[in-house]
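Residue-level structure breakdown
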Amino acid sequence: MAEAQALRKAVECGVPDNDKYMHPTLLKNRGNWKYHDRPRPGVLHHVSHSGDQVWSVRAGTQRQMDTHTIRKLCDIAEQYAEGFVRFTIRSNIEYIVADQKKVDPLIAKLEGEGFPVGGTGNSVTMVAHTQGWLHCDIPGTDASGVVKSMMDQLYDEFKNEQMPNRVHLSTSCCEINCGGQADLAVIIQHTKPPKINHDLVANVCERPAVVARCPVAAIRPALVNGKPSLEVDEKKCICCGACYPPCPPMQINDPEHSKLAIWVGGKNSNARGKPTFMKMVASGLPNNAPRWPEVNEVVGRILRTYKADARPWERMADWIDRIGWPRFFEKTGLPFTKYLIDDWRGSRANLNASNHVRF
Amino acid sequence: MAKPMHPTPNLDQLETGPWPSFVTGLKRLAKDKDYVVDVLGHLEHSYQTRKGYWKGGTVGVRGYGGGIIPRFTEIKDEAGQPVFKDAAEFHTLRVMPPPGMHYDTATLRQFCDIWDKYGSGLIALHGQSGDIMMQGCTTENVQKAWDEINEMGFDLGGAGPAVRTSMSCVGAARCEQSCYDEAKAHKAVINSFLDDIHRPALPYKFKFKFSGCGNDCMNAIQRSDMAVIGTWRDNIRTDDELGKKWFARHGMNELINDVVSRCPTKALQIKDAGAVRKDAHISAVALDGKQCLEIDNKDCVRCMHCINVMTGALAPGKDKGASILVGGKSHLKIGGLMGTLVVPFMKLETEEDREKLVELAQSIIDFFAENALEHERTGEMIERIGLVNFLEGIGLDVDAHMINTPRTNPYVRTDGWDEEVAKIEARKKAAA
Ligand code: HEM
Ligand code: HEM
Ligand code: HEM
Ligand code: SF4
Ligand code: SF4
Ligand code: SF4
Ligand code: SF4
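Worth saying up front: this structure is predicted, and the values here are computed from it rather than measured.

**Remarks on the pairing of strand β10 (residues 219-224) of chain A**
All names here are of chain A.
- Strand direction decides the pairing type here: β10 and strand β11 (residues 227-232), joined by six bridges, are antiparallel. Across the sheet, the residue bridging to V224 is K227, located in β11.
- A loop of two residues connects β10 with β11, the two strands running antiparallel in sequence, and N225 in this loop sits at a positive phi of about 50°.

**With respect to the domain arrangement of chain A**
- When its domains are assigned, chain A resolves into domain 1 (19-112), domain 2 (132-191 + 255-340) and domain 3 (195-238).
- When each unit is reduced to the centre of its C-alpha atoms, the spacing between domain 2 of chain A and domain 3 of chain A is 33 Å.

**Overview of the interface of chain A and chain B**
- Of the residues lining the interface, 118 residues belong to chain A; the matching set on chain B comes to 118 residues.
- For the pairing of chain A and chain B, the buried interface totals around 10500 Å² over both sides, and the portion due to carbon and sulfur atoms is 55%.
- Considering only the surface of chain A that becomes buried against chain B, V15(A), W133(A) and H135(A) emerge as the three largest contributors, covering 8% of it.
- Here chain A and chain B share 14 salt bridges between them.
- For the pair chain A and chain B, the number of links is 69 residue pairs in polar contact (both at pLDDT 80 or more).
- The leading source of residues in the side of chain A that touches chain B is helix α3 (residues 67-80) of chain A, at eight residues.
- Classifying every residue of the side of chain A that touches chain B gives 51 nonpolar, 38 polar and 29 charged.
- Bridge count for strand β5 (residues 84-87) of chain A against strand β5 (residues 102-104) of chain B is three bridges, and the pairing is antiparallel. Directly across from R86(A), in β5(B), lies its bridge partner H102(B).

**Thoughts on the sheet that holds strand β8 (residues 167-168) of chain B**
Residues and elements named next belong to chain B.
- Across the sheet, which stays open at both edges, the five strands sit in the order β8-β9-β10-β16-β17 with mixed pairing between neighbours. Every other strand in the sheet has two partners, leaving β8 and β17 (340-346) as the edge strands with one partner each.
- When β8 meets strand β9 (residues 208-211), the two strands line up parallel, connected through two bridges. Note that in β9 the partner of M167 across the bridge is K209.

**Some points on the sheet that holds strand β7 (residues 169-172) of chain A**
All names here are of chain A.
- The four strands are arranged β7-β8-β13-β14 in an open sheet whose pairing can be described as mixed. Unpaired on one side and paired on the other, β7 and β14 (279-285) mark the two borders of the sheet. Ignoring strand direction, the axes of neighbouring strands in this sheet form an average angle of 25°.
- Pairing between β7 and strand β8 (residues 184-190): four bridges, direction parallel. Bridge assignment links S170 to a residue of β8, and that residue is A185.

About the cut-offs
Residues numbered from 1 in each chain as written. Chains lettered and ligands numbered in written order. Predicted model: local features only at pLDDT ≥ 70, side-chain atom pairs only at ≥ 80, totals over all residues. Heavy atoms only, no water. Pairing = 2+ DSSP bridges. Helix = DSSP H or I, 4+ residues; strand = E, 2+ residues; numbered from the N terminus. Domains from an automatic or database assignment. Contact = heavy atoms within 4.5 Å. Buried area = accessible area lost by both parts, 1.4 Å probe. Salt bridge = Lys/Arg side-chain N within 4 Å of Asp/Glu carboxyl O. Polar contact = N/O pair within 3.5 Å; in protein donor to acceptor, adjacent residues only side chain to side chain. Nonpolar A, V, L, I, M, F, W, Y, C, P; charged D, E, K, R; others polar. Axes fitted to C-alpha atoms, helices over the stretch in contact; angles between N-to-C directions.

Written as structure tokens, this is what we have:
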């Protein structure tokens, strides 16, 4: 028996058809939806050309879920909804029901079990985040803990739709930025070059590959204490950490010197202006586990300023486009330092080549 | 009952506050599992010292070169033995979800049962790459867990220099903005590259993402090497009844401030009902008896804004399909890149349409495999060799939709100009 199992060959089935996992009303009206509205925050009401309707109730989760939590979400789906759920890209769960009468009891049950209902429309929705200390091999900080502390603070903004437009957040626990572009992102920013354990380099690292990885060609092969190793030109090094994944003896993470930076104005949507990259607006924040108060203070400050000042439908990027960067720094009280002036390739495009000045 | 907990003063602080706590979830698992007791101890050690302690390695399942993210502890005592010995191995299985991440509860429960049996009981729904992340498994149990997951009809996703797990938006299943069947396109493409997913042999990762319209809920433009983003060619559809309903609720100020003045190409105008232009590329929606919102569809870039605000009153046209953009990526190594438009429009309605999409994907991956340097993403390769060389390599003609502006410098050798003009003329003739 054990042997028979050991010989099992993988079935390379790929991605399954989603038909059988989908709520029947969705399946029936696939490609035939007419419009939607939001009867209240956290609820989407979709109407089909066929006249069919569905209500989707969206709730926040902790993303890294234990099986008890997943089973509890399943119990709720079976008792209060119609047995079908889906997840959004930001780890919110959605319950789909074809009967409006089920909406209120479902909401009450979810909230009673501690899952906030919200995250739709112009709310602050759940943070797109990564693995961090819990699982990754290169993290400078945690992911789930930072997110928990942010969402505790933004809880009411998740449950209400009071922002000028939707707010997407992300966090990344290294400069690689798995979390992606967002209206506001929290990302590790190292401030010191890697500390090299020369005894290990020759055994662990494929040195030419490591040399090739550096964006500023700061790494070169060297003999250290008679052993082949690598050395870093610390004047050139931009402390990006790209050499660390292929060469773990080049430790980039530092409890004190790995800081957190805040970026704003990323937008993937094509709505109104073209998609934009986010821009760094603050750095040097301490990696202050377990609740990162300094980071949360800046996040809160930026979001409050945006909420008070932006016009309806302005995403973070649209708002800053209108008011200009000097006023962004003025209104948020964040210091504009020389490190925020771009000098990477293509940087001239980020300088003001005009005398457009707002006074 | 599991062994006693390690003290976790830092993690305990993440159990306060209203948002659901992953720590509370882990502690619940730790009641029955020594494994999770040590996972919590391991994580608390990271919180106390502010460093990570997992290292990679090689763990896999039979027949596949990827799909498992191996993790071994680096917290060792003087004798080199793991301090948290029950969590010395903490591997993750990346499992590809159904497109759109739909589930019936029986399926979710089955995942839970498998993971209670073989793993830690911790599942991330979902990873940023779109995988179901079954987190925390010993080397010994990886194959066993995988066998049962595979029996359910699920397959592993990609890791390393491979085609990666893909994501598609909810789209046609529940969104009126959807311009093609994202799930079908997703499945058709991904399931054509299973070998490149399961046996990493590309210069670097390659990601596909599928969004049904320009709202790009999957962040395809920036997070995928090949982005399929829905659009349409004919006029925006209108519904007078819903238009009037919208206007009655929101009024002229909102119409002007939030809709008309936010159109990026000034395609919208307010007109008296009798003054709406009659040309074929004009559509209009009634606001009340007297006035209409007029859309010049030749100017519209299908940005989605007005449709988002006035959903139902305005809707994407009927001649739907998708644009293809290539080369999006994050920072490493030359800085973040957005995808570049290489196909302004292709239909995606029939199996044949989807086959054409797969063929295009195949030619892009082939070119990438042959021409990219090691650890170079598609976008970096295009930046190095130039878009024109890339287009010639995959057999696409240049098109003015691909640029923001023509070149702003003279540094190019143009002695092939006349031949290029002749080619364009010949193409025009052939098409006519
Ligand atoms: C040297 C380059 C890179 C290395 C070594 C690397 C390494 C990793 C590792 C080890 C993980 C798994 C984390 C875990 O589960 O333990 C991961 C996850 C991920 N990476 Fe990367 N990565 C690199 C570049 C990138 C880039 C450029 C992007 C984006 C364009 C990216 C996007 C992601 C995403 C989305 C995830 C999933 C995170 C999650 O959902 O939790 N990575 N990466
Ligand atoms: C910028 C240029 C180059 C860099 C940064 C570079 C870097 C390296 C590094 C880091 C190693 C590992 C050294 C060691 O194991 O001690 C290496 C090995 C080597 N390099 Fe280069 N290299 C460069 C150019 C070249 C060129 C031009 C050649 C030949 C014409 C070359 C031939 C070799 C050879 C034969 C080895 C030994 C490979 C082996 O271990 O079997 N390298 N190189
Ligand atoms: C043999 C080489 C060149 C000759 C003989 C030449 C000659 C001239 C002349 C006669 C003018 C008109 C001046 C006037 O309005 O009174 C002029 C203007 C100008 N030239 Fe050149 N030029 C040469 C090369 C260049 C090059 C290489 C550049 C730039 C890379 C350049 C940039 C300019 C500019 C920017 C103007 C002013 C145009 C304007 O603003 O109206 N020239 N040049
Ligand atoms: S952002 Fe970096 S550290 Fe965090 S999970 Fe991704 S690769 Fe790991
Ligand atoms: S940290 Fe970045 S810049 Fe510094 S040596 Fe490593 S790869 Fe180069
Ligand atoms: S990308 Fe467009 S079609 Fe897809 S879910 Fe978002 S709005 Fe709907
Ligand atoms: S969809 Fe077209 S008409 Fe509407 S705002 Fe965008 S560009 Fe303007």
